[in-house]
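What the coordinates show
Residues per chain, in single letters:
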Amino acid sequence: MNVSVNEPDLSGNEKRYLAECVDTGWISSEGPFVERLERGMAARCGRAHGVAVCNGSAALDAAVMALGLPKGSEVILPSFTIISCAAAVLRAGLVPVLADSLPDTWNMDVASVEAKITPNTRAVMAVHIYGMPVDMAALCALASARGLLVIEDAAEAIGQTCSNKACGGWGHVSCLSFYPNKHVTTGEGGMILCDDDALAERCRSLRNLCFAPPRRFVHDALGFNFRMSNLQAAVGMAQLERLDASVSKKRSTGAMYQSLLKGVRGLRLPVERTEYAENIYWVFGLVLEDGFGAEDAAVEFERRLKERGVGTRPFFWPMHEQPVFQKMGMFRGERYPVAEAIARRGFYIPSGLAMTDVQIEYCAEAVRSVAEELA
Ligand SMILES: *Cc1c(COP(=O)(O)O)cnc(C)c1O
């Protein structure tokens, strides 16, 4: 059997809505599905505005830039995340400052954020990791006490809640990705969410080359073409309609893995819940325990799973250990022990929305047998 790490579920109205685009000739960003998706997603997250863009990384770029923070302002973000987060901060002329993560939820440690606040700090970027959210109530309380803006990256937490409030609903500005492994996909795509009218307008302007009235093709700022097409938004609408079912499917896949893998020696399974959230299992991550196998045990574990037809992905690599940032002289001598440990010992196994129970059982059995071989 071969099980890829992610297979999306496109079995709803995707085809019908795409055909509608073709039949009506509306295929560009001017088509009606874009606004429908913006309104639908914003409503789902309890936001006033949604700005659809061409991917989640672009959403972060435009969102951070739209805040208009003074050059050189510091933005605190986790070391353990995708590069898009730190890249967006840098490209906006700001300074990324890193914080470590918690060993159980793999999310940014709010106490570690507080320790990094300086007089130059202007914002905190919270990134929900692998299906568990950052403790947003605590983070937002800290940010508001210290006068900091909150940028929320909810790419991996579409449909998730934190303290009973939607992820994507917490930040001064929040970002989503609609890549095929996310809970709502448009193939490639993303969205910025916010409540502030002027901020939304700046995001819309940055998305569309900063075209400004009164004279088209006369610009007083530089923007990007980050537009989403009507074709992408059509797929997104069909996906959004099924979001609750997708969330249930993710949770049932996670629960199956939890029960099938419980007690396998050497494996640390994802946390099932905290006091503010229940895991949505965007991915099902495994972390090899200290003392389990050699330093590169995770690499060997993934190799043996691949031999059995089970796809995997390694965990994120910490920002302070990225060659690109080291070459820029950034984060010299900084250590984030939790980020370093989980990056080296963690990987995730298949959990796409199209997975069958037979495939889940097959993958769990493969994990169990490799763990026994390597123990
Ligand atoms: C997927 C993802 C992104 C980037 O989204 P793209 O659409 O792939 O550019 C950003 N942040 C997080 C946390 C993600 O998981």
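The rules we used
- Residues numbered from 1 in each chain as written.
- Predicted model: local features only at pLDDT ≥ 70, side-chain atom pairs only at ≥ 80, totals over all residues.
- Heavy atoms only, no water.
- Domains from an automatic or database assignment.
- Buried area = accessible area lost by both parts, 1.4 Å probe.
- Salt bridge = Lys/Arg side-chain N within 4 Å of Asp/Glu carboxyl O.
- Helix = DSSP H or I, 4+ residues; strand = E, 2+ residues; numbered from the N terminus.
- Buried < 20%, exposed > 50% of the residue type's maximum accessible area, 1.4 Å probe, protein only.
- Polar contact = N/O pair within 3.5 Å; in protein donor to acceptor, adjacent residues only side chain to side chain.
- Contact = heavy atoms within 4.5 Å.
- Pairing = 2+ DSSP bridges.
- Axes fitted to C-alpha atoms, helices over the stretch in contact; angles between N-to-C directions.

1. Focus: the domain arrangement of the protein chain
Its domain assignment divides the protein chain into domain 1 (14-241) and domain 2 (243-374). Using only C-alpha atoms to locate each centre, domain 1 and domain 2 end up separated by 25 Å. The junction of domain 1 with domain 2 conceals about 3400 Å² of combined surface from both sides, 69% of it contributed by carbon and sulfur atoms. Contact with domain 2 buries surface across domain 1, with Trp 106, Tyr 130 and His 183 losing the most and accounting together for 22% of the total. Applying the counting rule to domain 1 against domain 2 returns one salt bridge.

2. Observations regarding the pattern of salt bridges
Summed over all chains, the structure comprises 17 salt bridges. Arg 44 is paired through a salt bridge with Asp 244; the nearest N and O atoms lie 2.8 Å apart. Linking Arg 44 in helix 2 (residues 32-44) with Asp 244 in helix 9 (residues 243-261), this pair joins segments that are 200 residues apart in sequence. Residue Arg 44 is classed as partly exposed on the basis of its relative accessible area of 32%. Here Glu 373 ties to Arg 304 by a salt bridge, and the two come within 2.7 Å at their closest N and O atoms. Of this pair, Glu 373 sits in helix 13 (residues 357-374) while Arg 304 sits in helix 10 (residues 297-307), and the two are 69 residues apart along the sequence. For Arg 304, a relative accessible area of 21% puts it in the partly exposed group. Connected through salt bridges with shared partners, the residues Glu 300, Arg 303, Arg 304, Glu 307, Arg 308 and Glu 373 form a single ionic network.

3. A look at the side chain of Thr 121
Counting through the fold element by element, Thr 121 comes out in strand 4 (residues 121-127). Within the local environment of Thr 121, its side chain forms a polar contact with the backbone nitrogen of Thr 118, the two atoms lying 2.8 Å apart. If we skip the residues at most four places from it in the chain, Thr 121 touches Glu 74, Ile 76, Lys 116 and Leu 148.

4. Observations regarding the sheet that holds strand 8 (residues 173-177)
Within the open sheet, the seven strands sit side by side as 1-9-8-5-4-2-3. Their pairing is mixed. Unpaired on one side and paired on the other, strand 1 (49-53) and strand 3 (95-99) mark the two borders of the sheet. Neighbour to neighbour, the strand axes of the sheet diverge by 20° on average, direction disregarded. Here strand 2 (residues 74-78) runs beside strand 3; their pairing, made up of five bridges, is parallel.

5. Observations concerning the sheet that holds strand 11 (residues 284-288)
The four strands are arranged 10-11-13-12 in an open sheet whose pairing can be described as antiparallel. Each having just a single partner strand, strand 10 (267-268) and strand 12 (313-314) make up the two edges of the open sheet. Relative to strand 11, strand 10 runs antiparallel, the two sharing two bridges. Residue Arg 268 lies in a different strand from strand 11, and its bridge partner there is Val 287. Relative to strand 13 (residues 346-349), helix 12 (residues 337-345) is tilted by about 45°, and along the sheet it contacts strand 10, strand 11 and strand 13.

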